[in-house]
Structure formats: C-alpha cells, structure tokens
Amino acid sequence: MSLTLDQVQRIAHLARIEVSEAEALTTQSHLNGIFQLIEQMQAVDTTGVEPMAHAQDLSQRLREDVVSEPDQRSAFQAIAPEIEAGLYLVPKVIE
Amino acid sequence: MINASLKQLSQALAAKQISSLELTQLFLDRINRLNPTLNAFVTVDAEKSLNSARAADARIAAGNAGLLTGIPIAQKDIFCAEGWLTTCGSKMLSNFVSPYDATVIRKMETDAGLVSLGKTNMDEFAMGSSNETSFFGPVRNPWDIERVPGGSSGGSAAAVAARLAPAATGTDTGGSIRQPAALCNLTGLKPTYGVVSRYGMIAFASSLDQAGPMAASAEDCALLLNSMAGFDERDSTSLERPLEDYARDLEKPLNGLRVGLPKEFFGDGCDAEVMAAVRAAIGEYEKLGATMVEVSLPNSHLSVPAYYVIAPAEASSNLSRFDGVRYGFRAENYGNLDDMYMKSRAQGFGAEVKRRIMIGAYVLSHGYYDAYYLQAQRIRRLIANDFVEAFKTCDMIIGPTSPSTAFKLGEKAADPVQMYLSDIYTIAVNLAGLPGMSVPCGFAGGLPVGLQLIGNYFAEAQLLNVAHKYQQATDWHQQRPAGLD
C-alpha cells in the first residue's frame, strides 16, 4: 500500500491538522515507511480470533447517576484561551 | 544523602538526622547546577517544593508521617498537578496550569507526603523513544551527554541517574519506563494494566498507558509502587483488587524459580555486547537457584506493527480534545472555526505527534477499520495468548530491554521506523497488559545495559523479588555516571 499526496491531505483534514504542500510530501514519505512496517500484519490469518481491546477484558464499570464532582467552572474557564460571560468563545459558526 | 536509598532517607528523616526541607534544598541545588546541562526538568518551582517539604516536616514532627513522607521525588510532566504547569512536553499545553491533581499525584504527595521537586521532560505526549520530540528540547543522558536518555520518560530517567532526584515517576505505553531505565542504568517497573490509576495522567493510548516508578533499586520501586497503586473509581479501567504490599516478597530465595527465555528475544537484531551482558545475568540467576527453560513468543515480531496501529488509533481519538477552545494553545490568526482547529493543531503539535494522529485517523477511517484496526486487535490477542502459553512452563520471562545501548542524539530522529524498532522487546508486554521491569545488568562500551523481566498478571511483588535478589548479588545498579558532582 502506498498513500498518494491527495490521501495525505485528506487524512490531515480528517485529523484537523493544516499541512503545507512541502509538509505533505515529507509526511507522505514517513507515513508510507510506517505503513510498510504495519503491512506485515496482513500476512497473518486471524480468522476466528476475537479482537482484544483491553488487557483485562472487563466491561465498563457503571455507577449511580448522582452528582459526584464539585462545580469548578471558574477554575476551568480561568485557563481558557477566550471566554465571555461564562461562555467559551469561538469564531461565528451560524450566520 | 545524594545516593541514599529511599529506606535510608526515610530512616534519616525519622531519626531527625536531616529535615525534609534540608533534603529538598539539597536536590534543588543539584537541579540548579546540573539541569542546564541535562534538561531533565521542564518546570521547577523551589517555593512550592520547599512549602511541601515544610508540611512534610510538620507531619514528621506530629508523628503522623508515612514511610515516604518528606522524601523528594520528580514527577513526569504527563501527570496533572494542581497549580503546576503541566505540559506533556508539548507546545499545545505549554501554558496549561492544571486545575486538579492526577490520582498518582494525590496519592504520592497528599497522602504519602512525598515532596515534588518539579516536572520532568518527556517526548511530546509520550510519543518517542529518545526524548527528542519534546517541545522543550532533548534530554541528555548523564552517562554520555552526546547520547539520548531514551524515552518517553527520558527526563525522569536522566534526573534519577544524575541524582537530581532520589526517584521519579514514569509512564509506559510501549516501553517508556523500561527503555529509558535501561539506557540510564535505573530500575523501572511498568505494572499490570489497571493497577495504577490513569486519572489525570494525560492520555496517549488509553488501553496501554500505565504509570510506574523509576528508581535506583527494586526495593525503592517497591516502596514507591505501594504509594501509587490502588483502585480508583475515577479511572474506568482501574482494577478493583485488595491493596498489596509490593515489598513483602523482596527477600524470598529464588530456588526453584523457572525463568523462561523466549527464543525470539535471543536471535538476531540485538547488539552483541548487550546480549553478552544479558547472558551473564542469566548465569547469575542460575547461581541464585533459578532454572532456565526455553519458551516461544511466536507472534512477537508482530508487536511493533500491531502497536503502530492501536496506539495511534487511540491517540488520534484522545488528542482530538486539543482544539484550542477550552484550554491550551490557540493559534493567533485564523478564519472560521475549522481554520482555528487546523491552525491551532498544526502549530501546537510537533511532527511525531502529527504523524501518529494521522496514522490513527487513517486506520480508523471508513473502509480501513477492519483491515487495520480490527486486524491489529486480533494480533494483540495472539500476542497475549503467546504469553499465556509461555507462563504454563515458567514463572518469569527474561531478555534484553532494548536491542542497543543509548544512541547518539539525532541518530534515529530522521527515521521514524528505526526509532520505533528500539522498542521491539518492550511493546508486546503493553499489548498483553503484563507487568515488566528493567534492571541494570552491566555495561557495553561504557553505557548501561538493561535486563528485562516480564511477569505474569499481578506478579509485581514477584518481579520486584527477582530483581532485588539479583541486586543483592551484583552492584551494577549502584554504578553512577562520572563528572556530575
């Protein structure tokens, strides 16, 4: 498998990372090297093998639906790039 | 005091031979003097450390000190610590002062009374094996400052090796405690997945990440693990198990211990001098009463490929939270919302982090999920099953930690695949979720060599016992780099 420059640009967009054309070229060569390594997996017959997501194969713990955290809104917003009236500010999304 | 064990420091503090304040100042002075050369710490806040030391001294005076109260420690900068800059080695978090404590920090500092000396340098978001991907520059290996300390816990390793701290924390997703421990002549332990809480430990690959101690000896690691481990309801994969004393079996004789030697770890691909040191350690274990059995981990060659699908997939998901909205870095100039995300992430992440996020985004994307992500998870099962088979005929597995000693700065930085292969012996342990250690076992060309011990699930106490008995019979772990006084 070999990624084209277009594919690299598409992946970068999926990941929301801006890449210049020069960066895309370097990234393309690095990613293709890494995928060459990864491709070794394709030779393995894994029919009937259950995928393993976690070492201990436990299901997620559930807890009672009760308030367990104190309100720390002002501490959390104190480190935000831009806030106003308790809201996080981002560029306008809806005209 | 600089080279004292944690037990000796604990006794000195209890006997009032030294105060925590004096001890903390002693190490802060060393950091002041030697950190400009090594770059092991990214954040030091003497006033904060000295205040914690004063609080520890008050606890000691009041008679409610624990074994580790008042002992200084270095914290990897992956752990959120309230009021401390917590950067994870990234520009993305270069302005992030954590509003809360990770469970590891709370247990070690608030509960046990250890005193933080500061936050140690690391590969950006723990992605690297040389500490060269840090936004704050590379860490230098105290054994040869032209060489890397390993990674990703490179700052912690260099700090302890140069005795800028008596001990440190690390985290290990694919070898990030064990490999730097090997390259810097330390003892490091990655516990069974789920033993130490991940709450407040900035996530890289959540199904693999595990924190553990890095110190000068197995005994020190046992005492530290006692302060770190335990169930935490704030970590959804934390295991509900009774608390253990990990130092309980340190002195057990090794007679009858069956040590497995995986033939795949003793073939080509390992430096000959490294292998000679590992073989000598095997001889030492035979003298201590252990018997060697050959075992096989037939799928171990697939661990690096499977890891470089699973870890980036989880990373791409975990790191999607860094969007320049709620905390961390935001680009200065941008157009619409999407442009703000794209520019903040392009400028905030380094090259290796971007690569891994992109690999992850690709292997999880429509049409590739089955071929890559599911296939990697199936291979993960095969790798874990290999260990289950091997542990039917042995109690412990031994091999090299790293295929080479510390390499030169820049030597592998341009070729990601070469860098990835330096974790060839450590990654399978994370995929299986097993506990593993690295223990100093000699030198090659003047550089430290690490012996890897791999235990069965929850065999931390046994691993520490096996490491401790070896350290009573040898003095490799007591060797210190020259020229750092």
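Further up the page is the structure itself.
Attention in this report is confined to the structure presented alongside it. (Residues numbered from 1 in each chain as written. Chains lettered and ligands numbered in written order. Predicted model: local features only at pLDDT ≥ 70, side-chain atom pairs only at ≥ 80, totals over all residues.)

**A short note on the overall build of chain B**
Broken down by element type, chain B carries 15 helices and 11 strands. Taken against the 2.2 N^0.38 rule, which gives 23 Å for 485 residues, the C-alpha radius of gyration of chain B at 21 Å falls within 12% of a compact globule. Referenced to the eigenvectors of the C-alpha coordinate spread, the extents of chain B come out at roughly 65 × 55 × 45 Å. When the 485 residues of chain B are sorted by exposure, 63% land in the buried category. Taking as baseline every contact in chain B between residues at least 6 positions apart, the subset at least 24 positions apart corresponds to 76%. (Helix = DSSP H or I, 4+ residues; strand = E, 2+ residues; numbered from the N terminus. Rg over C-alpha atoms; globule rule 2.2 N^0.38 Å. Buried ≥ 20, exposed ≤ 12 C-beta atoms within 10 Å, placed from the backbone. Contact = placed C-beta atoms within 7 Å.)

**Points about the interface of chain B and chain A**
Facing 53 residues of chain B, the contacting portion of chain A comprises 40 residues. Elements supplying a minimum of two residues to the side of chain B that touches chain A: helix 9 (303-318), helix 10 (337-348), helix 11 (351-363), helix 12 (369-390) and helix 13 (416-420) of chain B. Of the residues forming the side of chain B that touches chain A, the biggest block, 10 residues, is contributed by helix 12 of chain B. Here the residues of the side of chain B that touches chain A sort into 32 nonpolar, 11 polar and 10 charged. (Nonpolar A, V, L, I, M, F, W, Y, C, P; charged D, E, K, R; others polar.)

**Notes on the environment of Leu189(B)**
Residues and elements named next belong to chain B. Along the chain, leucine 189 falls in strand 5 (residues 187-190). Each C-alpha atom, one on leucine 189 and one on leucine 463, is 8.8 Å from the other, the two residues being 274 residues apart in sequence. Ignoring sequence-local partners within four residues, the contact set of leucine 189 consists of Ile177, Gly212, Pro213, Cys221, Leu225, Met437, Glu460 and Leu463.

**Digging into the packing of helix 9 of chain B against helix 11 of chain B**
Any two packed helices are characterised by how steeply their axes cross, that is the angle between the axes, and by the distance between the axes. Residues and elements named next belong to chain B. Two elements in contact, helix 9 and helix 11, have axes whose closest approach is 7 Å; the angle formed by their N-to-C orientations is 95°. The orientation of helix 9 with respect to helix 11, classified from their angle, is roughly perpendicular. Each of Tyr308, Val309, Pro312, Ala313, Ala315 and Ser316 in helix 9 lies in contact with helix 11, whose residues at this interface are Arg356, Ile357, Ile359, Gly360, Ala361 and Val363. When its residues are assigned to classes, the contact of helix 9 with helix 11 shows 9 nonpolar, 2 polar and 1 charged. (Axes fitted to C-alpha atoms, helices over the stretch in contact; angles between N-to-C directions. Parallel < 35°, antiparallel > 145°, perpendicular 65-115°, else oblique.)

**Structural notes on helix 4 (residues 103-111) of chain B**
Residues and elements named next belong to chain B. Burial in helix 4 covers these residues: Thr103, Val104, Ile105, Lys107, Met108 and Glu109. In the core, the buried residues of helix 4 are packed alongside helix 3 (46-62), strand 2 (72-76), strand 3 (115-120), strand 4 (168-172), strand 6 (210-215) and helix 7 (218-228). Positioned one or two residues after helix 4, glycine 113 has a phi angle of 85°, which is positive.

**Points about helix 7 of chain B**
Residues and elements named next belong to chain B. In terms of burial, helix 7 is largely enclosed, as 11 of its 11 residues are buried. Every buried residue of helix 7 is listed here: Ala218, Glu219, Asp220, Cys221, Ala222, Leu223, Leu224, Leu225, Asn226, Ser227 and Met228. Buried residues belonging to helix 7 abut helix 1 (6-14), helix 4, strand 5, strand 6, strand 10 (436-444) and helix 15 (460-473). Count one or two residues on from helix 7 and you reach glycine 230, which has phi positive near 135°.

**Some thoughts on the nonpolar core**
All names here are of chain B. Counting residues in hydrophobic clusters, the biggest one holds 173 residues, and the most contacted among them are Ile73, Ala159, Val160, Ala165, Val309 and Leu453. Broken down by element, this core gets its largest block of residues, 9 residues, from helix 9. Apart from residues lying up to four places away in sequence, alanine 159 is in contact with Ala40, Phe41, Ala74, Thr120, Leu164, Ala165 and Ala168. (Core = buried A, V, L, I, M, F, W, Y, C linked by C-beta atoms within 7 Å.)

**A few points about the environment of Asp395(B)**
Residue and element names in this part refer to chain B. With respect to the helices, strands and loops of the structure, aspartate 395 is situated in the loop between helix 12 and strand 9 (396-400). For the pair aspartate 395 and serine 98, spaced 297 residues apart in sequence, the C-alpha separation works out to 42 Å. Beyond its immediate stretch of four places on either side in the chain, aspartate 395 contacts Leu257 and Arg258.

**Quick word on the pairing of strand 2 of chain B**
Residues and elements named next belong to chain B. Here strand 2 lies mainly inside the structure; 5 of its 5 residues are buried. Residues Pro72, Ala74 and Lys76 of strand 2 are buried on one face, and the alternating residues Ile73 and Gln75, pointing to the opposite face, are buried as well. Pairing between strand 2 and strand 3: 5 bridges, direction parallel. Each residue of the ladder has a partner; that of isoleucine 73, found in strand 3, is serine 116. Taken together, strand 2, helix 4 and strand 3 constitute a β-α-β crossover, and its handedness is right-handed. (Pairing = 2+ DSSP bridges. Right-handed = clockwise from strand over helix to strand, strands pointing away.)

**Quick word on unusual backbone geometry**
All names here are of chain B. Glycine 151 connects to serine 152 through a cis peptide bond whose omega is 10°. In this fold, serine 152 is placed in the loop between strand 3 and helix 5 (154-161). At cysteine 88, a position not held by glycine, the phi torsion is positive, near 55°. Inspection of the secondary structure assignment puts cysteine 88 in the loop between strand 2 and helix 4. Non-glycine residue asparagine 131 carries a positive phi angle of around 65°. Look at asparagine 131 and you get buried, because 35 C-beta atoms sit within 10 Å.

**Brief notes about the packing of helix 2 (residues 21-38) of chain A against helix 11 of chain B**
At a closest axis distance of 11 Å, the pairing of helix 2 of chain A and helix 11 of chain B adopts a crossing angle of 60°. As judged from the angle between their axes, helix 2 of chain A and helix 11 of chain B are oblique. The two elements helix 2 of chain A and helix 11 of chain B meet at a crossing, and its hand is right-handed. Listed contacts from helix 11 of chain B to Thr27(A), His30(A), Leu31(A) and Ile34(A) of helix 2 of chain A are Arg355(B), Met358(B) and Ile359(B). Of the residues contributing to the contact of helix 2 of chain A with helix 11 of chain B, the split by class is 4 nonpolar, 2 polar and 1 charged. (Left-handed = near helix turned anticlockwise from the far one by under 90°.)

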